[in-house]
Amino acid sequence: MGIGGSLGKRLAPQAHRLAPDLTTGFVHEALSRAIHGVGPLPAAASAADKQLEEQRGDVERAVHEVIENHVRYAGAQGFVTNIGGIATAAVTIPANIAGLALIQCRLVAGIAHLRGYDLTDPRVHNAILACILGEDTVKSLVRKKKLPAPPMAIATAPTHDPHLSKVMAAEVTSELLTKVAGKRVATTIGRRVPVVGGLVGMGADGYSTWQIGRYADRELRPRTLR
């Protein structure tokens with residue numbers, strides 16, 4: 001783990017104090033809104049199907065476009081929610097975490113849909129959340145026996161484990177708090193130059209979303225719906 005990640009874990013409790021309403025329930029709410037659509041954002045499957053149509057039925061090109069689109073979405077919300085620096089942290093930290101959760105859930109849900117996974121299946125929901133944790137975190141949790149398997153195996157498990165849904169929500173909440181807390185270390189300069197915080201947030205959120213998209217791309221291999 002890098003310096004930013006280590007500092008993020010140390011500062012995550014402070015971020016949680018600034019975002020006390022972000023209990024694990026918000027993760028499932030973000031996932032539901034990502035799948036079904038919210039405001040100007042259409043449902044993940046609809047957006048993915050549009051990309052598939054634009055790419056003339058080429059699934060892999062459509063997956064690439066879904067990733068690129070969501071990297072841009074994540075970068076834009078990262079800029080807006082970090083532009084004020086520390087002075088606006090009490091307002092922007094919850095918004096940054098909620099926005100990132102929604103965008104990243106929607107990204108992975110879109111990829112899952114294009115690869116033939118049923119977005120109404122709770123096993124797929126858990127796999128989506130596992131992807132958001134990222135490959136390194138998933139491997140660590142599997143080693144510690146906190147997760148039974150990587151995302152694809154979770155999505156295709158014989159049965160759904162309701163307890164796993166709670167575990168996944170808790171881990172994703174912790175991961176998002178850690179990421180945002182780590183960014184706040186870099187944006188302390190935003191007290192004097194607020195726009196710097198926005199640029200850091202844009203880069204960090206865009207890059208982490210790209211990493212998650214690539215992981216989901218590798219992990220959620222094509223399958224046929226039954």
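Residues numbered from 1 in each chain as written. Predicted model: local features only at pLDDT ≥ 70, side-chain atom pairs only at ≥ 80, totals over all residues. Heavy atoms only, no water.

Novice: Could you give an account of the overall build of the protein chain, naming the residues involved and the relevant values?
Specialist: Secondary structure summary: the protein chain contains 10 helices and zero strands in total. Helices (α) and strands (β) of the protein chain occur, in sequence order from the N terminus, as α-α-α-α-α-α-α-α-α-α. Counting only contacts in the protein chain whose residues sit at least 6 apart along the sequence, the fraction spanning at least 24 positions is 79%. Of the roughly 11100 Å² that the protein chain leaves accessible, carbon and sulfur atoms contribute 58%. (Helix = DSSP H or I, 4+ residues; strand = E, 2+ residues; numbered from the N terminus. Contact = heavy atoms within 4.5 Å. Areas by Shrake-Rupley, 256 points an atom, 1.4 Å probe, with all protein chains shown as cover.)

Novice: Talk me through the confidence of the model for the protein chain; I want residue IDs and the actual numbers.
Specialist: Per-residue pLDDT for the protein chain has a mean of 79; in total, 70% of the residues score no lower than 70. Confidence, read as mean pLDDT per element, is least for helix 1 (residues 3-18) in the protein chain (42) and greatest for helix 3 (residues 44-54) (97). Here residues 1-20 scores under 50 on pLDDT; set against residues more than four positions off or in separate chains, the count is 25 contacts. (pLDDT = per-residue confidence, 0-100.)

Novice: Could you give an account of unusual backbone geometry, with specific residues and numbers?
Specialist: At Arg-56, a residue that is not glycine, the phi angle is positive and equals roughly 55°. The exposure class of Arg-56 is exposed, given its relative accessible area of 80%. Phi angles above zero are rare outside glycine, and Lys-145 is one such case at about 65°. The topology assignment puts Lys-145 in the loop between helix 7 (135-143) and helix 8 (151-155). (Buried < 20%, exposed > 50% of the residue type's maximum accessible area, 1.4 Å probe, protein only.)

Novice: Explain the side chain of Glu-171 residue by residue, including any values.
Specialist: As for its placement among the helices and strands, Glu-171 is situated in helix 9 (residues 162-186). The side chain of Glu-171 sits in the buried core without any salt bridge; Lys-146 is the nearest counter-charge, 4.4 Å away. Residue contacts for Glu-171: discarding those within four places in its chain leaves Leu-133, Leu-141 and Lys-146. (Lys, Arg positive; Asp, Glu negative; His and termini not counted. Salt bridge = Lys/Arg side-chain N within 4 Å of Asp/Glu carboxyl O.)

Novice: I'd like a rundown of the nonpolar core, residues and numbers included.
Specialist: In terms of nonpolar packing, the biggest core is built from 53 residues, with Val-108, Leu-119, Ile-128, Leu-129 and Ile-132 touching the most fellow members. If you tally residues by element for this core, the top one is helix 5 (residues 89-114), at 12 residues. Val-108 has contacts with Ile-128, Cys-131, Ile-132, Ile-212, Ala-216 and Leu-220, leaving out every residue within four places of it along the chain. (Core = buried A, V, L, I, M, F, W, Y, C linked by side-chain atoms within 4.5 Å.)

Novice: Let's hear about helix 7: which residues, and what values?
Specialist: Of all the residues in helix 7, the buried ones are Val-138, Ser-140 and Leu-141. Along the axis of helix 7, the buried positions cluster into a sector of 165°, meaning they face one direction only. Along helix 7, the residues that are exposed and aim more than 90 degrees away from the buried face are Asp-136 and Arg-143. Backbone geometry just after helix 7 places Lys-145 at a positive phi near 65°. (Arc of directions from axis to C-beta.)

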